[in-house]
Amino acid sequence: MAYQPDMLKYFALALDPIHVGTGGIRLGRVDMTIVREPGTNLPKIPGTSLAGACRTYAAMQENGKFSHCAGQGQPDTARGYQGHCGQPDCPICVTFGFAKGSGASFQGLAQFSDARLVLFPVHSLAGPVWVTCPGVLRDLGITESEPADGHVRVSGGVRASGRLNLGWLMLDAKTDFSLGDKLPHVPGEIKSRAVLVSDKMFGHIVNDNLEVRTSVSIDPSTGAAAEGALYTYEAIPRASVLYFEVVVSDPKFYQIAGQEPLKENGGKEKVKETLNNGFALFECLGIGGMNTRGMGRLKVLNLNAGGETGERGES
Ligand SMILES: [Zn+2]
């Protein structure tokens, strides 16, 4: 029997702006920047951020049974914290991996890709539209021809009348684009207002239309704004549609402490259930930074379907 891991494909809708920071502060237009793909410079949510939040929330959903597995790996007796249990029947450790002080470690059966932008909201005189490009769609198995320079291809729901502005850009528009029944998990209101731009233009439009907010640091001793503490941060805007994949390996090909993991409590289906348990809380608890400032909520659109098993589109 050939060994074939499952590829789960998830679409997600940003309910709030999402800030996953680079961890550094940059001098320039924006103080706190978000993570980008090196080649395209497009913002993304790293797979490690998805996995970390999913682990924490999945552990919460286990009703405290395995909650000691949610955080850092090393035990802390002073706090009564056990670290990762590393048990073969623990759905958290088996799904997300563990590292114990004794040297035992396991990579985890679920491997997360980065979440990438599929449809990005932009303001236009014709109302909000969502831009995408042939390169993004190709990764989802959809082939579309590239619009000519200075042109866009718009969907029927956009009243463009020959010209369409995307933020500051004014472009020639032709109504010959339709996502139809492709991307079935994406809401129809968004698909009917989709606009296809060239691959090159997509990166520019996204980076010109990121949410940038200004905030002040509060000095905790006075409760007032700390001096010189005005800073700006950027975020993936609300209503962005993102896509990510999770590869799930079958536990029966692995051994933890000499045992097949999750053998008695659900096997591979338990891994998928654990993922769904975690993703279900993205919608209310959010991911990334600044959740207390009304940021980070992400709705996984095909939660109940548990993703789709199958081949990845041309890549
Ligand atoms: Zn555990």
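Shown above is the structure to which this text applies.
Note that the structure is a prediction, hence the values are computed from the model and not measured.

Enquirer: Help me out: how do you make sense of the overall build of the protein chain in this one?
Expert: Secondary structure summary: the protein chain contains seven helices and 15 strands in total. Counting only residues that meet the buried cut, the protein chain has 38% of its 315 residues in that class. Excluding contacts between residues fewer than 6 apart, the proportion of contacts in the protein chain whose partners are at least 24 apart in sequence is 65%.

Enquirer: When you look at the pairing of strand 1 (residues 6–14) in this model, what are you seeing that I'm missing?
Expert: Summarising burial for strand 1: seven of the nine residues are buried, a large majority. Summarising the sheet, strand 1 and strand 14 (residues 241–248) pair through eight bridges and their orientation is antiparallel. The residue of strand 14 that forms the bridge with Leu8 is Val246. Relative to strand 15 (residues 298–300), strand 1 is paired through three bridges, and the arrangement is antiparallel. What sits directly across from Ala12, in strand 15, is Val300.

Enquirer: What should I look at first to understand unusual backbone geometry in this one?
Expert: Across the chain, the bulk of peptide bonds are trans and the bulk of non-glycine residues have phi less than zero. The backbone of Asn41 shows a phi angle near 65°, a positive value even though the residue is not glycine. If you trace the backbone, Asn41 turns up in the loop between strand 1 and strand 2 (44–45). Here Asn41 falls in the exposed class, since 11 other C-beta atoms lie within 10 Å of it.

Enquirer: Is there a simple way to think about helix 5 (residues 199–208) in this case?
Expert: Quick reminder: α-helices carry 3.6 residues per turn. Residues three or four places apart thus point the same way. Among the residues of helix 5, those classed as buried are Met201, Phe202, Gly203, Ile205 and Val206. Of the surrounding secondary structure, the elements contacted by the buried residues of helix 5 are strand 6 (115–122), strand 7 (129–132), helix 3 (134–138) and strand 9 (163–166).

Enquirer: What am I meant to see in the nonpolar core here?
Expert: The tendency in soluble globular proteins is for nonpolar side chains to be buried as a group. Of all hydrophobic cores here, the largest spans 79 residues; its most connected members are Val131 and Val195. Considering each element in turn, this core owes the most residues, seven residues, to helix 1 (residues 47–61). Two domains share this core, each providing at least three of its residues, namely domain 1 (6–114 + 236–300) and domain 2 (124–208). Every residue in contact with Val195, bar those within four places of it in the chain, is listed here: Val129, Trp130, Val131, Val152, Val154, Ser155, Val158 and Leu164.

Criteria and cut-off values
Residues numbered from 1 in each chain as written. Predicted model: local features only at pLDDT ≥ 70, side-chain atom pairs only at ≥ 80, totals over all residues. Helix = DSSP H or I, 4+ residues; strand = E, 2+ residues; numbered from the N terminus. Buried ≥ 20, exposed ≤ 12 C-beta atoms within 10 Å, placed from the backbone. Contact = placed C-beta atoms within 7 Å. Pairing = 2+ DSSP bridges. Core = buried A, V, L, I, M, F, W, Y, C linked by C-beta atoms within 7 Å. Domains from an automatic or database assignment.

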